[in-house]
Amino acid sequence: MTENQEPLPILKGNILQGKKGTYQIIKPIGQGGFGDTFLAEDLNPAVEKRYCVVKQLRMDIDHPPEIIAGIKKAFEKEARTLQRLGDQSGNIPCLYDYFSLTVTDPQLHTSQEFNFLVQQYIEGEDLSKELKKQGLFSETKVLDLLKNILPVLEFIHKHNVIHRDIKPKNIMRSTEEENKFYLIDFGAVKQVIKGDIDTTEKSIVFLSKSYAPPEQIDSKPVNASSDLYALAAACVQLLTGESHRDSRVNQLWNWRKYPHISEHLGKILERMLQEEPYYRYQSAREVIEALNKLDELSTSPKINPGGGEQTEVIDSPQRQFIKVIKVLLIAGIILFPTGFLADRVIKSLGEDSQITTVQSFKDEEFGIEIKYPQNWQAEKQQYTPLTGGIIAKISPNSSSSNPDVGLFIRVLDLQQPQNLSDYNQAAIQEIKKSVIAVQILQEQSKNLDNREGYHIVYTGQDPINTNLRFKVMEVWTISNSKVYILTYRAEEKHYDSFLKDIEQTMIKSFRFQPHVTL
């Protein structure tokens, strides 16, 4: 519906009475498969004059009564979620009200129930319109967009919410606030109106195939990486004016055909656009860290955000020397054979990590504790199944030259009762299925905190840099219908450099805290 078209007669000139206010319809501003959108004025005398957006969501009248009842319940649940997110985030429009009305549709001559959302009006335009008016976005503009939207995704994912419909049309640039973007039109609300009321995992029908990831198109479960895929697809559209699907080589988006896209950004978008979710970044935080990678050469002391009290980690003279060497290497000042010298630096890092001073990371929620060397750092992660159940990452302080080095602690809920043997088989099959050119090197039983567990070591090919192979060791055990997994990952040639710290300090020290009933 355009501004020149007449609004539905049931709303033209009407005053709508909601739960929390009264709204005067002014004009239609949009139309979609799920309903219509109107500009309105909030007539609530308790607030200053403000405009708002009224979204009229249309339900299918052919649904049986039990489905209608489920839709109503799910609609209220999703509306409350939007309300909570809008109140706590500065980049999601606030939800002022939501309610239902039964009216007679003059086009159908039947009584029909409509659901309404009343949201904050954002003065601005969506990025699809900006693209048409101003042409292709520069890399700087896209980086500004990512720096605005990625924290929003990190926020909603921590609340177990997936947007499901990210595209340029659903990102608004405010004209009243400098360089401020808003994420609008969460897909879950449209999903429940359609009748698919299980919004926790299944994908929505209302999607744009140009941006949606393969698992969503195939109606498979979605997770945080699904939103990251769609965001990257939107960025490609803004940067190139083309769909990422038009420039794929061997299932990878080929950023190299666009000279104006830097290698740094190109590789990040390429990984976000992996067809297989396993190979994407698993959280918005990982993408933020990748974008900030060039700023990580700072020699400032780091604060350990692990568990309990924060500990300031001060670099030893040896580590400070190594950092200087790395900076000189990157700057091209040292002209020795860089491959040999880089290997010596990594080896030095591994040797330097073999110290006796340790710190402790604790997670009270899951009742675990693990020790790690003083010159490593632990980062506590917000637990959510959407990011693979990661609760912590422990990595060397000076790993900017090899950022994938680290020990990840994950906790997964078993969907059905499963013994260790059955889980081992399922996990190994998933590794063989999802890891490119996988080679299983070692499998054996291994106790974790004196509990029966399993140990596996394997190598695989990096999905982006096909010349790089990584090596992984995983150790897991099952307790209280949960799987506790320790995963050590590094580039294959650097794997042994950190292995002693991983095995002798970390895995060996892993404990379930005594007060937890197991």
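Quick note: structure is the one above.
Everything numeric here is computed off the predicted structure, so don't read it as measured data. (Residues numbered from 1 in each chain as written. Predicted model: local features only at pLDDT ≥ 70, side-chain atom pairs only at ≥ 80, totals over all residues. Heavy atoms only, no water.)

*Asks:* Outline the overall build of the protein, supporting the account with residue identities and numerical values.
*Replies:* When helices and strands are tallied, the protein shows twelve helices and 23 strands. Counting the 518 residues in the protein, one finds 52% classified as buried. Long-range pairs, those at least 24 residues apart, make up 55% of the contacts in the protein with a sequence separation of at least 6. For the protein, the exposed area adds up to about 24,600 Å²; of that, 49% sits on carbon and sulfur atoms. (Helix = DSSP H or I, 4+ residues; strand = E, 2+ residues; numbered from the N terminus. Buried < 20%, exposed > 50% of the residue type's maximum accessible area, 1.4 Å probe, protein only. Contact = heavy atoms within 4.5 Å. Areas by Shrake-Rupley, 256 points an atom, 1.4 Å probe, with all protein chains shown as cover.)

*Asks:* Could you give an account of the pairing of strand β18 (residues 406–413), with specific residues and numbers?
*Replies:* With four bridges connecting them, strand β17 (residues 390–396) and β18 associate as antiparallel partners. Following the sheet pairing, Ile-390 is matched in β18 by Arg-410. (Pairing = 2+ DSSP bridges.)

*Asks:* Before we move on, can you summarise the pattern of salt bridges with the specific residues and values?
*Replies:* Evaluation of the coordinates by the stated rule reveals 18 salt bridges. The partner of Glu-154 in a salt bridge is Arg-285, with the nearest N and O atoms 3.0 Å apart. With Glu-154 in helix α3 (residues 139–158) and Arg-285 in helix α8 (residues 284–291), this residue pair connects regions lying 131 residues apart in the sequence. Of the residues examined, Glu-154 reaches a relative accessible area of 14% and is grouped as buried. Residue Arg-285 is classed as partly exposed on the basis of its relative accessible area of 30%. The shortest N-O distance in the salt bridge between Asp-363 and Lys-380 comes to 2.7 Å. One end of the pair, Asp-363, is in strand β14 (residues 358–363); the other, Lys-380, is in strand β16 (residues 376–380), and 17 residues separate them in sequence. A single salt-bridge network, built from bridges that share partners, covers Glu-130, Lys-141 and Arg-173. (Salt bridge = Lys/Arg side-chain N within 4 Å of Asp/Glu carboxyl O.)

*Asks:* Residue-level account of the sheet that holds strand β7 (residues 124–126), with values.
*Replies:* Taken together, three strands build an open sheet; the order of strands is β7-β8-β9 and the sheet is antiparallel. Edge positions in the sheet fall to β7 and β9 (181–183), since each of these pairs with one other strand and no more. Across the sheet, the mean angle from the axis of one strand to that of its neighbour is 25 degrees, orientation sign disregarded. As judged from the three bridges shared by strand β8 (residues 171–174) and β9, these two strands associate in the antiparallel manner. Paired with Ile-171 across the strands is Leu-183, a residue of β9. Taken strand by strand, helix α2 (residues 127–134) contacts β7, β8 and β9, and its axis lies near 90 degrees from that of β7. (Axes fitted to C-alpha atoms, helices over the stretch in contact; angles between N-to-C directions.)

*Asks:* Go over the environment of Glu-263, please, and point to the residues and values.
*Replies:* Turning to its location among the elements, Glu-263 is positioned in helix α7 (residues 263–272). Owing to a relative accessible area of 46%, Glu-263 belongs among the partly exposed residues under this scheme. A polar atom in the side chain of Glu-263 sits 2.9 Å from the side chain of Lys-267. (Polar contact = N/O pair within 3.5 Å; in protein donor to acceptor, adjacent residues only side chain to side chain.)

*Asks:* So what about the nonpolar core? Which residues, and what values?
*Replies:* If you look at the biggest cluster of nonpolar residues, it comprises 54 residues, and the most contacted ones within it are Leu-150, Leu-153, Ile-171, Leu-231, Leu-269 and Met-272. Listing elements by their share of this core, those giving two or more residues are α1 (65–88), β5 (95–105), α2, α3, β9, α6 (224–240), α7 and α8. Looking at this core element by element, the count peaks at eleven residues for α6. Here this core gathers at least three residues from each of two domains, domain 1 (15–120) and domain 2 (124–296). (Core = buried A, V, L, I, M, F, W, Y, C linked by side-chain atoms within 4.5 Å. Domains from an automatic or database assignment.)

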